[in-house]
Structures are given as structure tokens and as C-alpha cells.
Amino acid sequence: MDLDDTPEQAAHRAKVRAWLEENKPQAPVLTGPDALTDEDEIVAARRAWQGKLAEAGLAGVTWPKEFGGQGLGPIEQVICNQEIAKAGVPGILDAIGVGMLGPTIIAHGSDEQKGRYLGPMLHGDEVWCQLFSEPAAGSDLAAVQTRARQAQDGTWRLSGQKVWTTNAQFSSYGLLLARTDADVPKHKGLTMFIVPMDAPGVTVRGLRQISGEAEFNEVFFDDVELAADATVGGVGNGWGTALTTLMFERVTIGLGGEGLGYNSVRFAKGIASDEHARRDSEVRKQLGEIASELLAVRFTGYRTLTALQRGQIPGPEAGLAKVTIVNGAIKAGELIADVQGPDALGTSSEWAYMISFLPGLKSAGGTEEILRNTIGERVLGLPPEPRLDKGIPFSELRSKEGAAA
Ligand SMILES: Cc1cc2nc3c(=O)[nH]c(=O)nc-3n(C[C@H](O)[C@H](O)[C@H](O)COP(=O)(O)OP(=O)(O)OC[C@H]3O[C@@H](n4cnc5c(N)ncnc54)[C@H](O)[C@@H]3O)c2cc1C
């Protein structure tokens with residue numbers, strides 16, 4: 001493929017760059033001495049910034065125009081991500097909503113749902129969260145136990161618990177996967193719902209991470225009433241709807257712009273600040289290894305882009321990008337900590353957050369073992385994992401989730 005911008009892409013890039021140059025002073029400041037510190041202020045500033053990016057056409061680039069997007073291709077989205085990263089300003093706050101949940105509603109939602117929810121989501125007026133994972137359903141997502149039962153009048157009652165829900169503490173809505181029929185095999189009895197986070201019976205409790213932040217939460221649902229039309233994609237079709245979200249999750253991570261901000265130039269600058277390390281051949285060798293891994297991810301990413309540009313769905317090999325980026329960044333964090341010593345973890349260090357957050361990222365968006373299993377089975381054609389629960393009604397599974405259902 002030709003890696004240079006076409007004349008149209010170059011024009012798009014110039015437009016994006018010019019807008020960012022002009023509007024950069026209004027971007028929220030998240031690092032350095034002037035950084036905002038109060039969480040409410042950060043969220044408010046980032047929501048307002050998302051609104052500005054959306055108005056300028058720099059958010060939801062691939063969304064259809066009728067829902068406020070630009071109707072452009074994934075390359076144009078990547079160009080925006082690259083320029084935002086280069087300008088050193090934050091991207092949109094609600095990457096989960098705009099990158100994964102909005103596209104799921106566009107693919108499976110009703111016209112009413114699209115008309116009601118997509119605009120405020122894109123502009124940051126209503127933030128969304130992904131209510132999928134549970135204490136006993138993470139990698140094995142189809143094992144969710146949160147139950148939704150339909151009453152005679154068509155309304156639903158929802159009970160259960162979700163966990164690791166990013167942004168739930170300030171979300172207006174969540175897209176939630178629930179079990180609506182326990183008497184069929186586990187992938188078949190699931191349904192997707194839109195849940196207002198301020199509904200009576202919803203409780204959000206923050207989970208504090210080692211980095212000090214509490215970015216995700218446990219969310220409890222105690223007999224929450226949902227309207228009859230809260231389902232997305234049809235009753236019993238929740239697994240197919242969830243797969244759409246997970247496919248967009250893979251693409252969002254893959255197109256996150258230059259390795260989720262973990263790039264070798266940034267790492268090299270961190271290391272080069274130390275005169276001795278800059279000349280140390282072992283440090284240089286290790287940095288070189290990390291840089292070549294990240295370069296390989298970049299070129300694999302171009303393959304994903306080519307598939308998307310041709311209207312194809314990227315294959316499971318795209319999941320390897322996340323594994324490689326996270327492992328490369330962990331190695332870089334260790335190298336920087338070796339070079340800088342305890343200062344690397346100090347409150348004023350730009351590396352402290354990355355170093356403490358990365359171990360969590362090993363799980364987010366699919367764990368390394370699961371992603372490698374998928375590559376083994378679907379790319380390399382290795383024998384599949386034994387699946388003892390195949391074809392058995394969820395309520396008859398001899399596991400703790402089956403017993404509880
Ligand atoms: C930063 C972060 C943000 C997140 N945000 C969200 C969010 O917004 N919404 C949401 O719904 N979820 C979210 N998650 C949850 C995430 O999707 C789960 O952590 C992930 O699916 C793994 O599930 P688990 O944590 O329950 O681990 P488990 O599935 O319990 O896995 C535990 C360990 O066992 C291994 N393992 C499990 N099954 C197998 C197998 N078959 N073969 C080999 N090894 C296996 C795993 O690889 C892992 O090492 C987030 C997680 C993180 C870390």
C-alpha cells in the first residue's frame with residue numbers, strides 16, 4: 001500500500017492541523033504545572049472540549065452525517081487522531097461511547113434510539129459507559145448473570161452487578177448486557193439494554209487503582225425498572241450485539257493513534273534526559289528492541305486500516321496490536337524506572353501514571369491469554385479450547401453462575 005497521504009487526505013490533515021493550532025489554547029490542561037486537579041473540573045473541561053472537537057468534525061469522523069458524524073473513512077479518523085496526538089491536546093472524553101457504543105447503536109438500535117442518544121453522546125453532553133463485565137464474567141463474557149425479567153406490561157426489571165465500569169461515575173447512560181433467558185445455552189439467552197444511570201436502584205461505587213485514580217467502578221442494579229423499548233438489537237440477540245461492540249473496541253484500540261500514545265520517540269526523550277543512559281549501549285539496545293516492536297505494530301495497524309478502507313472487518317490478528325503495545329510500554333516503563341530511579345514514580349513524573357496503569361491495561365479490551373487463544377484458533381488454525389458448556393442451558397451449568405441463575 002501507499003503510505004503517503006493522497007491529495008484529499010493531505011488536505012484533510014492540513015484542515016485538522018489548522019483547526020487544532022487555532023483552538024489549542026482552549027484545550028483542557030492535563031499535565032504540567034498548570035494541570036487541572038479537581039476531577040469534576042477535568043470532566044467538565046474535557047466534555048466541553050469534546051463538544052468543540054465534534055462541532056469541528058474531529059470526533060465521530062466515521063459516523064454517518066445524519067447522526068452528526070462526517071461520513072468519512074477510518075483513514076480520516078486516524079489522521080485526526082495523529083494530529084490531536086501531535087498537537088499535544090487531549091482527545092475526546094467519551095472514547096468508549098463514540099468509539100464503541102455509538103457504532104453499536106448505529107448498527108443495531110431503533111430509529112428512535114439513534115435520534116435520541118447519538119447527538120448528545122457525540123458532543124459530550126451525555127457520557128456513556130459499557131456495562132458488560134461482571135465479577136464472574138470477564139473473559140467469559142457470555143456467562144453474565146445480571147438478570148432482566150419482562151413484566152406483563154412489557155417493562156423490564158433488572159437486578160445484578162457489573163464491575164470495572166470505566167466512567168460510570170459521571171455517565172448518563174450505559175449499554176448493558178443482561179441474561180433474559182437462563183433455559184437456553186449461555187450465548188443465546190442474552191439481551192442488550194440502554195440503562196439510564198440515574199434510574200432508581202442503580203448504585204455506582206468507585207474502585208481506587210494503584211495509580212490513585214478511581215476511573216472505574218462497580219455498579220449495582222437493584223430491581224431497576226426499564227422501559228419496554230430499552231432493548232437494543234432485539235430480545236435474545238445480545239451476544240451478536242455485544243460482538244459488534246467488541247469489534248469496535250478492537251478497532252478503537254488499534255486506531256487509537258500511534259500506539260495509544262505509547263511511542264518510542266516519547267520513550268527515547270524520557271531516557272535521553274539522562275546523560276549517562278543516553279550513552280549506555282545496553283539501554284540503547286533495549287530501547288531499540290521496544291522501538292522495533294512498536295514499529296511492527298504500526299505497520300500491522302496499516303493492514304487493519306487497509307481492510308477497513310476496503311469495507312472489510314479486521315480479523316482477530318488486530319488483537320495482537322494491543323498485546324504488543326502494552327508489553328512494549330511495560331518494558332519501556334521498567335527501563336525508564338531503571339534509568340530515573342524512584343523519581344520515575346514521583347507525583348511530578350509524567351511516567352508515574354503510565355507505569356502504574358499499564359498492568360491493568362493487560363486485562364482491558366481482552367486479556368493477553370484470551371487474545372493469544374483467539375489468534376491460535378482463528379489465525380493459526382490450532383485446535384480450539386475445550387468448551388464443556390457448549391449447547392447446555394445456562395441454568396443447568398454446574399458452575400457457580402449456573403447455580404445462581
Ligand atoms: C482499565 C480497565 C478498564 C475496563 N473497562 C471496562 C468497562 O468500561 N466495561 C466493562 O464491561 N469492562 C471493563 N473492563 C473489564 C475487562 O473487560 C476485563 O478485565 C477483561 O474482560 C478480563 O476479565 P476479568 O478481569 O474478569 O479476568 P478473568 O476473565 O477472570 O481472567 C483472569 C485471568 O485468567 C486468564 N484466563 C481466563 N480465561 C482463560 C482461558 N480460557 N485461557 C487462558 N487464560 C484464561 C485471563 O487471561 C486472566 O489472566 C476494564 C478492565 C480494565 C483493566
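Residues numbered from 1 in each chain as written. Predicted model: local features only at pLDDT ≥ 70, side-chain atom pairs only at ≥ 80, totals over all residues.

Visitor: Honestly, the overall build of the protein in this entry has me stumped. Any pointers?
Guide: Per the secondary structure count, the protein includes 13 helices and 8 strands. Computed over its C-alpha atoms, the radius of gyration of the protein comes to 22 Å, within 12% of the 22 Å expected for a compact globule of 405 residues. Summarising its shape, the C-alpha atoms of the protein cover approximately 70 × 45 × 45 Å along the three principal directions. (Helix = DSSP H or I, 4+ residues; strand = E, 2+ residues; numbered from the N terminus. Rg over C-alpha atoms; globule rule 2.2 N^0.38 Å.)

Visitor: For this particular structure, what's the right way to read the domain arrangement of the protein?
Guide: For an interface, size is often stated in terms of accessible area lost upon the parts coming together. According to the domain assignment, the protein consists of domain 1 (7–93), domain 2 (128–236) and domain 3 (258–366). If you look at the interface, domain 1 gives 7 residues, while domain 3 gives 6 residues. The class makeup of the residues in the side of domain 1 that touches domain 3 is 4 nonpolar, 3 polar and no charged. (Domains from an automatic or database assignment. Contact = placed C-beta atoms within 7 Å. Nonpolar A, V, L, I, M, F, W, Y, C, P; charged D, E, K, R; others polar.)

Visitor: Sorry if this is basic, but what is going on with the site of the ligand here?
Guide: Contacts to the ligand come from 20 residues, most closely from Phe132, Gly138, Ser139, Thr367 and Glu369. Among the elements of the structure, strand E1 (128–131), strand E3 (156–166), helix H11 (352–361) and helix H12 (368–379) are those that each provide at least two residues to the shell around the ligand. Among the residues forming the shell around the ligand, the class breakdown is 8 nonpolar, 10 polar and 2 charged. Taken domain by domain, the shell around the ligand gets at least three of its residues from each of domain 2 (128–236) and domain 3 (258–366). (Near = placed C-beta within 6 Å.)

Visitor: Any chance you could explain the nonpolar core here in plain terms?
Guide: Across soluble globular proteins, you tend to see nonpolar side chains buried next to one another. Counting 61 residues, the largest nonpolar core has Trp128, Leu175, Leu177, Ala178, Phe193 and Val195 as its most contacted members. With 6 residues, helix H4 (residues 95–108) is the single largest residue contributor to this core. Residues lining this core come from more than one domain, with at least three contributed by each of domain 1 (7–93) and domain 2 (128–236). In contact with leucine 177, not counting residues within four places along its chain, are Phe132, Val144, Leu190, Met192, Gly238 and Ala242. In terms of nonpolar packing, the next biggest core, distinct from the first, is built from 20 residues, Tyr262, Leu287, Ala329 and Ile355 among them. (Core = buried A, V, L, I, M, F, W, Y, C linked by C-beta atoms within 7 Å. Buried ≥ 20, exposed ≤ 12 C-beta atoms within 10 Å, placed from the backbone.)

Visitor: Mind showing me how you'd approach unusual backbone geometry here?
Guide: At asparagine 167, a position not held by glycine, the phi torsion is positive, near 70 degrees. Checked against the element boundaries, asparagine 167 lands in the loop between E3 and strand E4 (173–179).

Visitor: How should the pairing of E1 be read in this particular structure?
Guide: Consecutive side chains along a regular strand alternate between the two faces of the sheet. The alternating pattern of E1 places Trp128 and Gln130 on one face and Cys129 and Leu131 on the opposite face, and all of these are buried. When E1 meets E4, the two strands line up parallel, connected through 4 bridges. Paired with cysteine 129 across the two strands is glycine 174, which belongs to E4. (Pairing = 2+ DSSP bridges.)

Visitor: Looking at this model, I keep getting lost on the packing of helix H7 (residues 264–272) against helix H9 (residues 281–309). Mind explaining?
Guide: In helix packing, the relevant descriptors are the interaxial angle and the interaxial distance, both defined with respect to the helix axes. Running from N to C, H7 and H9 cross one another at 165 degrees; their axes reach a closest spacing of 10 Å. By the angle between their directions, the pair H7 and H9 is classed as roughly antiparallel. Here H7 runs over H9; the crossing is right-handed. Note on element contacts: H9 touches H7 through Val283, Leu287, Ile290, Ala291 and Leu294, opposite Ser264, Phe267, Ala268 and Ile271. (Axes fitted to C-alpha atoms, helices over the stretch in contact; angles between N-to-C directions. Parallel < 35°, antiparallel > 145°, perpendicular 65-115°, else oblique. Left-handed = near helix turned anticlockwise from the far one by under 90°.)

Visitor: Help me understand H11 in this model?
Guide: Each full turn of the α-helix corresponds to 3.6 residues, which orients residues three or four apart in the same direction. Looking only at H11, the buried set comprises Met354, Ile355 and Leu358. Axial view of H11: buried residues confined to an arc of 95 degrees, hence all on one face. Against the buried residues of H11 lie helix H10 (319–340). (Arc of directions from axis to C-beta.)

Visitor: Explain the environment of glutamate 289 to me, please; I cannot follow it from the model alone.
Guide: Mapped onto the secondary structure, glutamate 289 falls in helix H9. Measuring from C-alpha to C-alpha, the distance between glutamate 289 and methionine 121 comes to 40 Å, with 168 residues separating the pair along the chain.

Visitor: Sorry if this is basic, but what is going on with the pairing of strand E5 (residues 190–196) here?
Guide: The buried fraction of E5 is high, at 6 of 7 residues. In terms of strand pairing, E4 meets E5 through 7 bridges, oriented antiparallel. Its bridge partner lying in E5, alanine 178 is registered against threonine 191. One ladder, built from 2 bridges, connects E5 with strand E8 (residues 231–232); its direction is antiparallel. Its bridge partner being in E8, phenylalanine 193 is matched across the sheet by threonine 231.

Visitor: Just to check I follow, could you spell out the environment of glutamine 152 for this structure?
Guide: As for its placement among the helices and strands, glutamine 152 is situated in the loop between strand E2 (147–150) and E3. For glutamine 152, a count of 5 C-beta atoms within 10 Å corresponds to the exposed category. Separated by 207 residues in the primary sequence, glutamine 152 and proline 359 have C-alpha atoms spaced 47 Å apart.

Visitor: Whenever I open this one, the packing of H4 against helix H5 (residues 111–122) confuses me. Can you help?
Guide: Interhelical geometry of H4 versus H5 gives an angle of 170 degrees and a closest axis separation of 10 Å. Between H4 and H5, the angle is such that the two are roughly antiparallel. Together, Gly97, Val98, Gly102, Ile105 and Ile106 of H4 and Gln113, Lys114, Tyr117, Leu118, Met121 and Leu122 of H5 make up the contact between the two elements. Of the residues contributing to the contact of H4 with H5, the split by class is 7 nonpolar, 3 polar and 1 charged.

Visitor: Help me understand H12, please; the structure alone is not making it clear to me.
Guide: The end-to-end C-alpha distance of H12, which contains 12 residues, comes to 15 Å, matching closely the 16 Å that a straight helix rising 1.5 Å per residue would cover. Positive phi appears at glycine 381, one or two residues downstream of H12, with a value of about 70 degrees. (Expected span 1.5 Å × (residues − 1).)

Visitor: Hey, could you run me through the environment of leucine 20 in this one?
Guide: With respect to the element layout, leucine 20 can be found in helix H1 (residues 7–23). Separated by 209 residues in sequence, leucine 20 and aspartate 229 have C-alpha atoms that sit 40 Å apart.

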